[in-house]
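# Coordinate inspection notes
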Amino acid sequence: MCGIAGVWRKRNPIGGGDLADIGRMTQALAHRGPDDHAGWNDSRLALGHRRLSIIDLSAQAREPMLTACGQGVLVYNGEVYNYRSLRATLEAEGRRFRTVSDAEVVLEALHHWGPDKAVPLFDGMFSLAYFDMRTVTLWLARDRLGIKPMSVAQTSERILFASEDKAILACDDVARAVDAREITLRLAWQSRDSGSSLFQGIERLPPGGLWKITGNGIEKRCFWHVLDALDASRIVDDTATDAEQMATLEALIQDSVGLHCIADTSLASACSGGVDSGLVTTLAKRFRPEMTAYVVDPRLGHSEAADAERTARHAGVPLHRVPVDKDRFLDLWPKTIWHLESDGWHASHVCLLALAEQCRADGIKVLLTGEGADELFGGYDWQEASMRMWRPWSWPGRLFRSKSRLAGRFERQRYAPFRTSVAGAHGWDRNVVLRSLSPELNFLQTKIFDRLEPVASLSDRAFLGCCLHDMYGHMQDLLNRHDRLSMAASVELRVPFLENRLIEFAIHLPRRHKYRRKQGKWLLKRVAEKHIPPQNVKAIKNGFQVSANFTAGSEGLLRGGLLRDAMKWPAASVEDLVGLAKRDQPSRLRLVGMELFLRLHAGGESTANLTEALHASVRETR
């Protein structure tokens, strides 16, 4: 787990300015890899690497890493969990290894098989840059669901890439200009953070991105997308019994958790008390008997600590409570925004940073979580609500509606098929809103819905489709948050549910195994019942909540701030927005979070100054 950076020269050779920029980029990423750093360059390319040592702690495993022949070089961020089986295959084909690291396996696979064959074989989370000197070709890749980040920018002479935007902004010829359209999209609750930057001129590799860079420019493509991987006939033809599906799922989860426990350092879990993290915690104990668990314990409002304690006690895992009060929240809020490089739309972001910092203070380098299960197995209420939207076509409701009326409504509704669709079924709203906001994400809804056409039940299609779409919407925000805030504290966060075989299994499950008897994640909960307390399995899903009082009073920062100027709000409207932020916590988090972002990244203010400004604003409203 690391931070990577690079400079590719389009024409002139690498010079002193490029090497100086690499130094600044890697320094900006020091939090991602405090254990070691190094660089490499030739006439065309300069690379930098910050290392967080997790697997093979020896100096021989440092990066940038070269092949024995010296014709291939790699910088790599993440973990490829099936590296041992890949290594065995490579050794059978005559490749020899100098380390026991996964990075060397990744490098040898890329160099021996080529990126087009090798990258789809990688089972894990990664972003990487591989340079093949035999063909003078640079490859950039990101794992299939975008767990690990990669930012890219082009100037007239160079292509710059790094794990975070702030590293690219550290380069001499990159302007720190904020994109007002991207601000608008986030304020409009569009899921953007994983795939788009708030800075002009910086883009991000999409999930599954595999870019080929040569003297002719960038060839952009993806090696994996759910539209290509999905085979709807497998869902329709599925005849497996509940017991068979349960056995398959349990074996897959156990195997994935075992792979995610591979580390030469200390490991813990983030145990919220829910089904997903509880199951991961309990299974991980089998592979790492010494492991511990952590839970955030807010001093105001709802706390999951009691539920987490029940799971941890059942599993025989010590649980550490991480207290967060209002002062601690305000202290960490600007730092959270700095690392997110966005507005931080949920109060849980600050709490995740608090948890990661406590883990690091305790010597924990690897943290397991349960993210991804709700998207893959149907755990959100809006997925069920999407199913209800299509019940007029179900038996016997369709008996009371004419075929022509249903056909007309179908054509309207298929363009906004899920409860999370930006617009309703009204044509004017749909055309204006969808096309002006995030068309690449919003039109994906219809493509997924249509790809599921073999599924006869329209309500089943909507439910399954909403789950698949969430992999590119809601989940992307969660994954971006997890990477940025765990790595802010130099902690690697792993997501065992997002393993290749589990993804493949989950996207082809029929609706009856995801939602049944008014219960989401039906199949997963049947497996969980064997491992965690029944009370936790049966509990109503309750997302992580933080008291609105934690941020109350912070809305005063909107007066005379940078967000007003960026959005060109009339002076008279600012007080209305302050009033909205005062009444409504989600709006307050969005608006004040964006104000903090602008003051940090555009105004050049420090996190310490903004922390004091937040405390002062709160004091003034008391």
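Above this text sits the structure in question.
Residues numbered from 1 in each chain as written. Predicted model: local features only at pLDDT ≥ 70, side-chain atom pairs only at ≥ 80, totals over all residues. Heavy atoms only, no water.

### Let's talk about the side chain of asparagine 536
As for its placement among the helices and strands, asparagine 536 is situated in helix 23 (residues 534-538). Residue asparagine 536 is classed as buried on the basis of its relative accessible area of 4%. (Helix = DSSP H or I, 4+ residues; strand = E, 2+ residues; numbered from the N terminus. Buried < 20%, exposed > 50% of the residue type's maximum accessible area, 1.4 Å probe, protein only.)

### Regarding the sheet that holds strand 4 (residues 65-66)
Spatial strand order, 4-5-6-7-11-12: six strands in an open sheet with antiparallel pairing. If you trace the sheet from one side to the other, it starts and ends with strand 4 and strand 12 (217-222), each paired once. Pairing between strand 11 (residues 209-214) and strand 12: six bridges, direction antiparallel. Paired with tryptophan 211 across the bridge in strand 12 is lysine 220. The sheet contacts of helix 3 (residues 102-113) involve strand 4, strand 5 (72-80) and strand 6 (124-132), and relative to strand 5 the element is tilted by about 125 degrees. (Pairing = 2+ DSSP bridges. Contact = heavy atoms within 4.5 Å. Axes fitted to C-alpha atoms, helices over the stretch in contact; angles between N-to-C directions.)

### Let's talk about the state of the cysteines
Tallying each qualifying case throughout the model produces zero disulfides. Not engaged in a disulfide, the cysteine cysteine 467 finds its nearest cysteine sulfur in cysteine 466; these two sulfurs lie 6.3 Å apart. A relative accessible area of 1% means that cysteine 467 is categorised as buried. (Disulfide = S-S within 2.5 Å.)

### Topic: the packing of aromatic side chains
Enumeration over the complete set of coordinates arrives at 13 aromatic pairs. Taking 5.5 Å as the distance between ring centres and 50 degrees as the angle between the ring planes, the aromatic pair formed by phenylalanine 199 and phenylalanine 597 counts as tilted. Within this pair, whereas phenylalanine 199 is found in the loop between helix 6 (180-187) and strand 10 (202-204), its partner phenylalanine 597 is found in helix 26 (residues 585-601), the two being separated by 398 residues in sequence. Judged by relative accessible area, phenylalanine 597 falls into the buried class, the value being 0%. An aromatic cluster is built from Trp8, Trp40 and Phe131, whose rings are joined through pairwise contacts. When the ring centre of tryptophan 189 is taken as reference, the NZ or CZ atom of arginine 590 above it lies at 4.2 Å. (Phe/Tyr/Trp six-rings, centres within 6.5 Å; stacked < 30°, edge-to-face > 60°. Lys NZ or Arg CZ within 6 Å of the ring centre and 35° of its normal.)

### Some words on the sheet that holds strand 15 (residues 319-324)
Pairing within the open sheet is parallel, and its five strands lie in the order 15-14-13-16-17. In this open sheet, the two edge strands, each paired with only one partner strand, are strand 15 and strand 17 (492-494). Put simply, the sheet's adjacent strands are angled 30 degrees from each other on average, direction ignored. Two elements, strand 13 (residues 267-270) and strand 16 (residues 366-368), share three bridges in a ladder whose sense is parallel. Following the sheet pairing, alanine 268 is matched in strand 16 by leucine 367.

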